[in-house]
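Structural overview for review
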Amino acid sequence: MGDLADLTVAEAAAGLRKGDLTAVELLEAVNRRAAMTEANLHAYLTVDREGSARAAVAADASLNAGKDPGPLHGIPVALKDNMVTRGLETTCSSKILSGYLPPYDGTAVTRLRDGGAVIFGKTNLDEFAMGSSTENSAYGTSRNPWDPETVPGGSSGGSAAAVAAGSALVAFGSDTGGSIRQPAALCGIVGMKPTYGLVSRYGLIAFASSLDQIGPLTRTVEDAVAALEVVGGYDPLDSTSYPGAVPDYRSGLDSGVSGLRVGVVTELNGTGIDPEVQAAVDATIARLEQAGATIVQLSLPSVEYALSAYYLIAPAECSANLARFDGVRYGLRRHGETVEQMMSNTRAEGFGPEVTRRILLGTYALSAGYYDAFYGQAQRVRTLIIRDFEAAYQQADVLVSPTSPTTAFAIGDRTADPLSMYMSDVCTIPSNMSGDPAISVPIGLDSSGLPIGFQVMAPALGEPVMFRVAAEVERQAGFDARAPYASSEAR
Amino acid sequence: MAYEPVIGIETHVELTTDSKMFCGCQVNFGSPPNTNVCPVCLGLPGALPVVNARAVEYAMTIGLALNCSIAEHSVFARKNYFYPDMPKNYQISQYDEPLCVEGHLDVEVGEETSRVGITRVHMEEDTGKSTHIGEGGRIQAASHSLLDFNRAGVPLMEVVSEPDIRSAEQARAFVSELRGAILRLGVSDAKLEEGSMRFDANVSLRPVGAEEFGTKVEVKNMNSLRSLQRALEYEIERQAALLDAGEAVVQETRHWDEEAGSTSGMRSKEEAFDYRYFPEPDLVPVAVDDEWRKRVAQSLPELPAQSRARYVAMGLEPTTAGLIARDVEAGAVFESAVAGGGEAQTVANWLTGEVTALLRKTETGLAASPIDGAALAALAGMVADRSLSASAAKEVLAGVAAGEGSPEEVATARDLIQVSDSASLEPVIDEVLAANPEALEKLRSGDGKVMGFLIGQVMRATGGKADPGAVSRIIELRVG
Amino acid sequence: MSRYYHSGLMPVDIDIAKVARLARLALNEEELERYRRQCEVVLEHAALVQSLLTEGVPPTSHPLPRTNAFREDLVTGSLPREEVLSQAPDRDGDFFVVPRILDE
């Protein structure tokens, strides 16, 4: 057996149960890999050495006692640092939460702990999940294991880098406009955003409440399924949680795509997409057709406006969600003669430029006289987008596109022009707007050796068919999701 | 120039649910500071609100009691502004689609009843409390403030009236009636002194007969019904003086100062009023169907106004009816007494007079007192058949209240029963008349004053037990 | 300064100082100007939504069509006070402390 850090969750889980390895050994392997790669990658903000060691020991004891709480039992897990963890620093990669210790665990975190997962550490992100490269982190950017001069994507860049490099077997992130899928694509791993409401947001530090979802980043589609099984399902602490039974994610997972209708979204393929990326995507579509799928071209006209609507809705909601960071009850506080000054000084210093920009944008879009033309109109456009998707799913079982218009770009390439950074999300934003599930599957490398991601979208609660098609894509691509991770000792 | 005041009242009512509006923290006035807080009501990162079902029902109850329509689809909204006692720096409230709309409340001022429209009743959350440290505890001279978030997140209902109120007196009556109704519903303890019921007023003046509204001024910080009336009277005068002098009334918020007896302008910031309302994305809409609404409507208790009307129909004077209707226990005893044959006004007068005084002295409630409907009915009967005089009845009441027994027992034990039947009285009267022929002559010739003397003689002869009224009647018959 | 993207779209004209005050962000002149320009660029792109006809189209606030998500009126407990106050940037005994509040 090679380095345990290179195992998939499924392989590790099988090994644990067979007795070929222990949770403690798994954790040691991940620790070693992190030690090797962190200097270059900076995927982590916090590593909980003691807590994870205790959890690994407990997981082994539990297994030996014959208990088996589930597929992530004993598995080292990384959590994006916008998921609150009790007693473990949670910063959202912002100065305003430097040193903040939450007094509670989010629901997803609780379910992971209850499921025997070994929480190894908190990963880097764009500050408050706003960004597409992780360069907006107040604690330094993370780097792409495939080429450390390039970005890992964002906002869940740290989680993606860790899984790609093997310093976590599975990670969780959040996806508001593509923040799981885009970094997964850029780092050559699997990343998925569930149906809105399938995974509880209780404990996810809110960016845009009607768009945010927690989801897994893994090396395989099967691992993503396992991760979703552990964290998904109704939570009474989240009013937007889906109250019905969760779909059987595995149904049809290995059935292939024969008889399925695959819709190619006109607005998300071709124009504005890097030619190498599109070529890889087209080749994947062709293979799906050969495997028995029917390919249909579908136009969803309102999808052209999804990015514009998103940059009104998300900032508007975030401007209210981030109002609580005011120096009164927790976090950073800067001096002010009056409480108003204290708050203004605290927030000006505590928030980075991208966050500041979005708060200003959102405040403006909601303000008197502008609400109807901006926020109000964006909400109506959102309805049109939902209708277009609903109509499309009458004619196709899944919809496909590239995940990201380009592969990983160089660090510093897009930081001067916010709009160019926003364009990274043009393919992923539509399914946040509709609330439907979507997954990115790595299908190959471009001529620079950078990974290309293929996106499969499905209707609400359509995770089973989404995973089914994704599994087929993965099988055909035969892509090894383990990055030739950059380390201080070159391989 | 004669002006007509145009007044609207905005009332906030804290509900007496067990837990807060959006989380499971306890609702309790007087807990040690910051002991009833959790991630949700403290606005910690990652926390989410979940609506308290009972708070929704209580809100519906208030709306239905105020004759409102209940929205089939109702939405929560974020009201965005920064204030240190508001953890999220937005308040979860309702804006575009409130739960209850278009109701009314009938208000009595003296003999007149008027109808005040209710624009809306909606749900929101209360804020924490700030204590200002510095000179005199007033915000203007404070050096810093202390924050307690126990109250943050307590369910708060906002009741907005139409600007239908036309006098300070009517405003007071409106708030009093609203409070009485809310107490009867049992959804709040509505204690003005504790802040579980608070109100602001919007006041403007217009020339009598004009249709357009004048500039309105918001008045805050009135902590009692009395200060509400005083504040409005002051503000009406102030605005009238301005208008008479040809000056304009400034649209602003003014703060009532109870000691100074005046309102003063607060520093107003124009931006403060841009609340940037948008639908609350963390909460889903409330859908009320016919069945739910009917169930709540059927569970409504009788409100004071309805009790009042019923009591008047039973024969009470309106004022007495109002007093009895305000107190659920008194109402129950009153109704039971009348059902037992007691005369309505008599019983009611005892309840509002003697009984109230007696209970206050012993510091007991009516429910704990031996005075009940049966006792009052019996007592009323004894007054009606003249076996007790009015003053004797009061003594008997005191005895019953003290636990000495039933009215009959007390009257007998204290020897208060008066004699009023002819058979017993005639012989005594005849004796007295025979013994006082001059008095009888005077009476026969029309001198009414001597009647008192003769009655007195009969009273002496009977040891005070004779019913003076009966004696007087018999003597008159004798005189012819 | 007003700028138009298409005729017929609402002009983007941001009073950035006012917006910054509303959002409690103490920014200097240079920062304000920089953010104003950047926001205007983004807003002009975002304003594209105005080219779509949405007469009669209802707004979507929630992608999940759920209603009546309630909890029972039960006291489920609170955080221990020390834990509540332990993260306070400034405290006085059992209270959070803030500088003086402007008359509001």
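The coordinates are above.
These lines cover the structure that appears in this document, whether it is placed above or below. (Residues numbered from 1 in each chain as written. Chains lettered and ligands numbered in written order. Predicted model: local features only at pLDDT ≥ 70, side-chain atom pairs only at ≥ 80, totals over all residues.)

As for the overall build of chain A
- The secondary structure content of chain A amounts to 15 helices and eleven strands.
- For 491 residues, the compact-globule estimate of 2.2 N^0.38 gives 23 Å, and the C-alpha radius of gyration of chain A, at 21 Å, lies within 12% of that figure.
- Long-range contacts, defined as pairs at least 24 residues apart, comprise 77% of the intrachain contacts of chain A with a sequence gap of at least 6. (Helix = DSSP H or I, 4+ residues; strand = E, 2+ residues; numbered from the N terminus. Rg over C-alpha atoms; globule rule 2.2 N^0.38 Å. Contact = placed C-beta atoms within 7 Å.)

Comments concerning the overall build of chain B
- In terms of regular secondary structure, chain B is built from 15 helices and 17 strands.
- Taking 480 residues into account, the globule formula puts the C-alpha radius of gyration at 23 Å, and chain B, at 30 Å, lies well above it.
- Taken over the C-alpha atoms alone, chain B extends approximately 100 × 55 × 50 Å along its principal axes.
- Sorting the 480 residues of chain B into buried and exposed places 44% on the buried side.
- When contacts within chain B are restricted to residue pairs at least 6 apart in sequence, those whose partners lie at least 24 apart make up 69%. (Buried ≥ 20, exposed ≤ 12 C-beta atoms within 10 Å, placed from the backbone.)

Re the sheet that holds strand β1 (residues 44-47) of chain A
All names here are of chain A.
- The strand order across the open sheet formed by eleven strands is β1-β3-β2-β4-β6-β5-β10-β11-β9-β7-β8, and the pairing between neighbours is mixed. Each edge of the open sheet carries a strand with a single partner, namely β1 and β8 (294-298). Strand after strand, the sheet turns through a mean of 30° between neighbouring axes, direction not considered.
- Relative to strand β6 (residues 213-218), strand β5 (residues 190-193) runs antiparallel, the two being bridged by two bridges. Within the sheet, the bridge partner assigned to Val190 lies in β6 and is Thr218.
- Of the strands in this sheet, β1, β2 (76-80) and β3 (118-123) touch helix α2 (residues 23-41), which is tilted by about 20° from β3.
- Along the sheet face, helix α5 (residues 157-165) touches β1, β2, β3, β4 (170-175), β5 and β6 and points at about 155° away from the line of β4. (Pairing = 2+ DSSP bridges. Axes fitted to C-alpha atoms, helices over the stretch in contact; angles between N-to-C directions.)

Structural notes on helix α2 (residues 168-185) of chain B
Residue and element names in this part refer to chain B.
- Between its first and last C-alpha, α2 extends 26 Å over 18 residues, near the 26 Å set by a 1.5 Å rise per residue.
- With 14 of 18 residues buried, α2 lies mostly within the body of the structure.
- The first or second residue beyond α2 is Gly186, which carries a positive phi of 75°. (Expected span 1.5 Å × (residues − 1).)

Remarks on the interface of chain A and chain C
- On the chain C side, the residues contacting the 59 residues of chain A number 47 residues.
- Looking at the side of chain A that touches chain C, its residues break down into 29 nonpolar, 21 polar and nine charged. (Nonpolar A, V, L, I, M, F, W, Y, C, P; charged D, E, K, R; others polar.)

Here we look at the interface of chain B and chain A
- Of the residues lining the interface, 25 residues belong to chain B; the matching set on chain A comes to 32 residues.
- Looking at the side of chain B that touches chain A residue by residue, the classes come out as 16 nonpolar, four polar and five charged.

Overview of the nonpolar core
- The biggest cluster of nonpolar side chains holds 278 residues, and the ones touching the most others in it are Ile75(A), Val77(A), Val118(A), Leu312(A), Val398(A), Val456(A) and Ala59(B).
- Counting residues per element, this core draws most heavily on helix α9 (residues 306-321) of chain A, at eleven residues.
- With sequence-adjacent residues up to four places away left out, Val398(A) is seen in contact with Leu260(A), Val262(A), Gly263(A), Val456(A), Met457(A), Ala458(A), Val465(A), Met466(A) and Val469(A).
- Phe334(B), Ala375(B), Leu376(B) and Met382(B) belong to the second-largest nonpolar core, a separate cluster that totals 32 residues. (Core = buried A, V, L, I, M, F, W, Y, C linked by C-beta atoms within 7 Å.)

Re the environment of Ile429(A)
Residue and element names in this part refer to chain A.
- Within the secondary structure, Ile429 sits in helix α14 (residues 429-434).
- Given 26 C-beta atoms within a 10 Å radius, Ile429 is considered buried.
- The sequence separation of Ile429 and Gly74 amounts to 355 residues, and the corresponding C-alpha distance is 34 Å.
- Contacts of Ile429, omitting those with residues within four sequence positions, involve Gly177, Gly178, Ala306, Leu307 and Tyr310.

Here we look at the sheet that holds strand β16 (residues 278-279) of chain B
Residue and element names in this part refer to chain B.
- With respect to topology, three strands assemble into an open sheet ordered β6-β5-β16, the strand pairing being antiparallel. Strand pairing shows two members of the sheet lacking a second neighbour, β6 (90-93) and β16, which therefore form its edges.
- Both strand β5 (residues 77-80) and β16 contribute to a ladder of two bridges, which runs antiparallel. The residue of β16 that forms the bridge with Arg78 is Phe278.

Examining the pairing of strand β14 (residues 253-257) of chain B
All names here are of chain B.
- Burial along β14 is one-sided: the residues Arg254 and Trp256 are buried and none of Thr253, His255 and Asp257 is.
- As defined by bridge partners, strand β13 (residues 217-222) adjoins β14 across three bridges and the pair is classed as parallel. Across the sheet, the residue bridging to Lys220 is His255, located in β14.
- Between β13 and its parallel partner β14, the chain crosses via helix α3 (residues 225-244), and the hand of that crossover is left-handed. (Right-handed = clockwise from strand over helix to strand, strands pointing away.)

Details of the environment of Tyr35(C)
- By secondary structure assignment, the location of Tyr35(C) is in helix α2 (residues 29-46).
- According to the C-beta neighbour criterion, Tyr35(C) is buried, with 22 such atoms within 10 Å.
- Along the primary structure Tyr35(C) and Asp73(C) are separated by 38 residues, whereas in three dimensions their C-alpha atoms are 46 Å apart.
- Not counting chain neighbours up to four residues away, the residues in contact with Tyr35(C) comprise Thr356(A), Arg357(A), Leu360(A), Ile16(C) and Leu27(C).

Quick word on the packing of helix α13 (residues 437-444) of chain B against helix α14 (residues 450-461) of chain B
Residues and elements named next belong to chain B.
- Axis separation between α13 and α14 bottoms out at 9 Å; the angle between their running directions is 140°. Put simply, α13 runs oblique to α14. Where α13 crosses over α14, the handedness of that crossing is left-handed. Here Ala439, Lys442 and Leu443 of α13 come into contact with α14, specifically with Val450, Met451, Phe453 and Leu454.
- Broken down by class, the residue content of the contact of α13 with α14 amounts to six nonpolar, no polar and one charged. (Parallel < 35°, antiparallel > 145°, perpendicular 65-115°, else oblique. Left-handed = near helix turned anticlockwise from the far one by under 90°.)

Regarding the packing of helix α11 (residues 353-366) of chain A against α2(C)
- Contact pair α11(A) / α2(C): the axes reach a minimum separation of 10 Å and the direction vectors enclose 60°. Here α11(A) runs over α2(C); the crossing is right-handed. Mapping the contact onto sequence places Thr356(A), Arg357(A), Leu360(A), Leu361(A) and Tyr364(A) in α11(A) and Tyr35(C), Gln38(C), Cys39(C), Val42(C) and Leu43(C) in α2(C).
- For the contact of α11(A) with α2(C), the residue count by class is seven nonpolar, two polar and one charged.

Comments concerning unusual backbone geometry
- Look at the link from Gly154(A) to Ser155(A): it is a cis peptide, with omega at 10°.
- Inspection of the secondary structure assignment puts Ser155(A) in the loop between β3 and α5.
- With phi around 55°, Ser93(A) is a residue other than glycine that occupies positive phi space.
- The residue Ser93(A) is located in the loop between β2 and α4 (107-114) in this model.
- The buried category is assigned to Ser93(A), around which 33 C-beta atoms lie within 10 Å.
- Although it is not a glycine, Arg276(B) sits at a positive phi angle of roughly 50°.
- Relative to the assigned elements, Arg276(B) resides in the loop between β15 (262-265) and β16.
- Residue classification places Arg276(B) among the buried residues on the basis of 25 C-beta atoms within 10 Å.

Focus on helix α8 (residues 344-362) of chain B
Residues and elements named next belong to chain B.
- For α8, with 19 residues, the first-to-last C-alpha span of 25 Å sits near the 27 Å given by 1.5 Å per residue.
- Helix geometry: α8 is bent most strongly at Leu351, by close to 40°.
- Considered for burial, the residues of α8 that qualify are Ala344, Val347, Ala348, Trp350, Leu351 and Val355.
- Following α8 by one or two positions, Glu363 adopts a phi angle in the positive range, close to 55°. (Bend = angle between axes of the 7 residues up to and from the residue.)

Here's the deal with the environment of Lys193(A)
- Along the chain, Lys193(A) turns up in strand β5.
- Apart from the residues lying within four places of it in its own chain, the contact partners of Lys193(A) are Asp175(A), Ile180(A), Arg181(A), Gln213(A), Gly215(A), Ser431(A), Pro437(A) and Ala438(A).

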